[in-house]
Amino acid sequence: MQVWKFGGTSVGKPERMKSIRQLITEDGQPKIVVLSALSGSTNTLLSISESLNSGNQTEAKVKATELRAHYDQFLTELYSTPAGLGKGQAIVEKEFNFIDSLIATAPYTGKQEKEMVALGELLSTQIFEAFLQEEGVSSALLPALDFMVIDEDNEPVLSVIEQKLAAVLAPVKGNQIFVTQGFICRNPSGEVDNLKRGGSDYTASLIGGAIQAEEVQIWTDIDGMHNNDPRIVKNTFPIRELSFAEAAELAYFGAKILHPSTITPAKLKGVPVRLKNTMEPSAFGTLISEKSTDVEIKAIAAKDNITAIYIHSTRMLNAYGFLKRVFEVFEKYKTPVDMITTSEVSVSVTIDQTTHLDAIMSELREFAELEDPDMNQVIICIVGNFWADKEGIAIKVLDAIKSIPIRMISYGASEHNISLLVDASHKNDALNALNEGLFLK
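For every chain, the first residue of the written sequence is number 1, and numbering continues from 1 along that sequence. pLDDT decides what is reported in this predicted model: residues at 70 or higher carry local features, side-chain atom pairs at 80 or more are listed and counted, and totals for whole chains, interfaces and linings draw on all residues regardless. Side-chain descriptors were evaluated using all non-hydrogen atoms of the structure, hydrogens and water having been removed beforehand.

**A few points about the overall build of the protein**
Moving on, step 1. Note on conventions: DSSP H or I runs of at least 4 residues are helices, E runs of at least 2 residues are strands, and numbering of each starts at the N terminus. Check the secondary structure of the protein and you find 13 helices and 17 strands.
Moving on, step 2. Throughout, the radius of gyration refers to the C-alpha atoms, and the reference size of a globule is 2.2 Å times the residue count to the power 0.38. For the protein, whose C-alpha radius of gyration is 24 Å, the value lies close to the compact-globule estimate of 22 Å for 441 residues.
Moving on, step 3. Based on the C-alpha atoms only, the size of the protein along its principal axes is roughly 75 × 50 × 40 Å.
Moving on, step 4. The buried share among the 441 residues of the protein stands at 53%.
Moving on, step 5. Within the protein, counting contacts between residues at least 6 apart in sequence, those at least 24 apart form 74% of the total. Exposure is judged per residue with a 1.4 Å probe applied to protein chains only, and the accessible area is read against the type maximum: over 50% gives exposed, under 20% gives buried, and values in between give partly exposed. A contact between two residues is defined here by any heavy atoms of the two lying within 4.5 Å.

**Here we look at the nonpolar core**
Moving on, step 1. The biggest cluster of nonpolar side chains holds 101 residues, and the ones touching the most others in it are Phe6, Met116 and Ile127.
Moving on, step 2. Looking at this core, the element that brings in the most residues is helix 5 (residues 110-134), giving eleven residues.
Moving on, step 3. Excluding residues that lie within four positions of it along the chain, phenylalanine 6 makes contacts with Val11, Ile20, Leu23, Ile24, Val33, Val34, Leu35, Ser36, Trp219 and Thr278.
Moving on, step 4. By convention a nonpolar core is built from buried Ala, Val, Leu, Ile, Met, Phe, Trp, Tyr and Cys residues, the set being connected through side-chain atoms within 4.5 Å. Among the nonpolar cores identified, the runner-up in size contains 21 residues, and Val233, Ile393, Ile401 and Leu431 belong to it.

**A closer look at a nonpolar patch on the surface**
Moving on, step 1. A surface patch of nonpolar side chains, amounting to about 220 Å² of accessible area, comprises Leu323, Phe327 and Ile340.
Moving on, step 2. The exposure class assigned to phenylalanine 327 is partly exposed, which follows from its relative accessible area of 30%. Only residues above 30% relative accessible area that lack a salt bridge enter a patch, with like-charged residues linked at up to 9 Å and the nonpolar side chains Val, Leu, Ile, Met, Phe, Trp and Tyr linked at up to 5 Å. The protein chains shown are the only cover counted for residues, whose accessible areas, like all others here, come from Shrake-Rupley with a 1.4 Å probe. Should a side-chain nitrogen of Lys or Arg be within 4 Å of a carboxyl oxygen of Asp or Glu, the pair is scored as a salt bridge.

**Quick word on the packing of aromatic side chains**
Moving on, step 1. Note on aromatic pairs: the rings of Phe, Tyr and Trp (six-membered ring only in Trp) are paired at centre separations within 6.5 Å, and the planes decide the class, stacked below 30 degrees, edge-to-face beyond 60, tilted for the rest. Scanning the model with the defined rule gives nine aromatic pairs in all.
Moving on, step 2. Between the aromatic rings of tyrosine 252 and phenylalanine 253, the centroid separation amounts to 5.0 Å while the plane-to-plane angle is 85°, which identifies the pairing as edge-to-face.
Moving on, step 3. Using a relative accessible area of 5% as the deciding quantity, one classes phenylalanine 253 as buried.
Moving on, step 4. An aromatic cluster of at least three residues, connected via ring pairs, comprises Trp4, Phe6 and Trp219.
Moving on, step 5. Remark: a charge is flagged as sitting over a ring if the NZ atom of Lys or the CZ atom of Arg is within 6 Å of the ring centre and within 35 degrees of the ring normal. Lying over the aromatic face of phenylalanine 284, arginine 240 brings its terminal NZ or CZ to 3.8 Å of the ring centre.

**Considering the sheet that holds strand 3 (residues 139-142)**
Moving on, step 1. Here a strand pair is declared whenever DSSP counts at least two bridges between the two strands. One open sheet holds the eight strands; their spatial order is 3-4-2-1-7-9-10-8, and the pairing between them is mixed. Two strands in the sheet have a free side with no partner beyond their single neighbour: strand 3 and strand 8 (241-243). In this sheet, neighbouring strand axes are inclined to one another by 20° on average, regardless of whether the strands run parallel or antiparallel.
Moving on, step 2. Pairing geometry for strand 3 and strand 4 (residues 177-181), over four bridges, is parallel. Considered in strand 4, the bridge of serine 139 is made with isoleucine 177. Angles shown run from 0 to 180 degrees and are taken between the N-to-C directions of axes, each axis being a line fitted to C-alpha atoms and, for helices, limited to the stretch in contact.

Quick look at the structure:
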């Protein structure tokens, strides 16, 4: 069995949903289909929550009414029979009655907000499965809230997901298509929660790992992962093959097509992940697996909103234990470090979460001297095969970007990654220069 995931733009219009029905059934093979919310729905549901958090129930009701009208129109264009339309309308009526109940709840809490946001996926999957039934497709709905669980650290528990999913699948195994929700889950208290934004990719990978799928396919509206950001750089091209390690580096450092957490469950279970284009289904896309090609430099990604912190030991030379104390501060505030460079008496680090920046800086000053942090930085990550005995790779990278001021360089910690820190004002120039110097010469 394969697992196919479709994002919000892929199901955002009735004609798109109809094309997905054709796509998933044409080979006759069983699949678990993971859907995101219809494009725009999650943002609207979050906007309703913002109104409720500010105490404006009237505004929330207006937004909910407008969203309901969108779904009502969607249904009339999707279904072709009165019975199908009636089933779709019953689904929308039920879920929007729940939205109304959440709007009427006082006080409006984080628990209600997560229930509100989950409704996007609950609506899209039920509407789509009812459409499959109308079309005569052998299908069943697998409620993600019955098997997708996270622990106290908000991490999915794959062993529990395996057991629960097997139990949910057992009674409906004779069907061809199984539809489930991306993104949503339950926390240890049994409450509705989520895998954070973009988590539908993660859902698909977790399911793929849980059932030891033949392949996980992530369908979007571009033809696989490109060698650079096509929104900024001209003459990019899709990458046919990546290893799990290479794809993980690119996803973490800004390749928008793939959620950073997606690779982990698939890699753990050895399940290949393929990135495909709903607009061009016959295109090969990008295959991510345990194998890697011998292409030296494969792709470039950029991670925005980075803050650089410069820390100097007050004990000067031979200050053993200094790094330990530094990282204990970041650990205390659960703030991951992206890059690190060191000298005998100094360490520079980058972070992308600044929630606790003031507290971190305050504690670091108890044993170190600090410069003012550099805000609005960008990490540019060059990914490929950079084995220790490879010659000239660093020269190629630095020569390509010789006209761009570089704040930090990280090279050698990974066989697949060279990272450069630049100011955000140089991001576009840096990506284009690297593309020209590494791929077009």
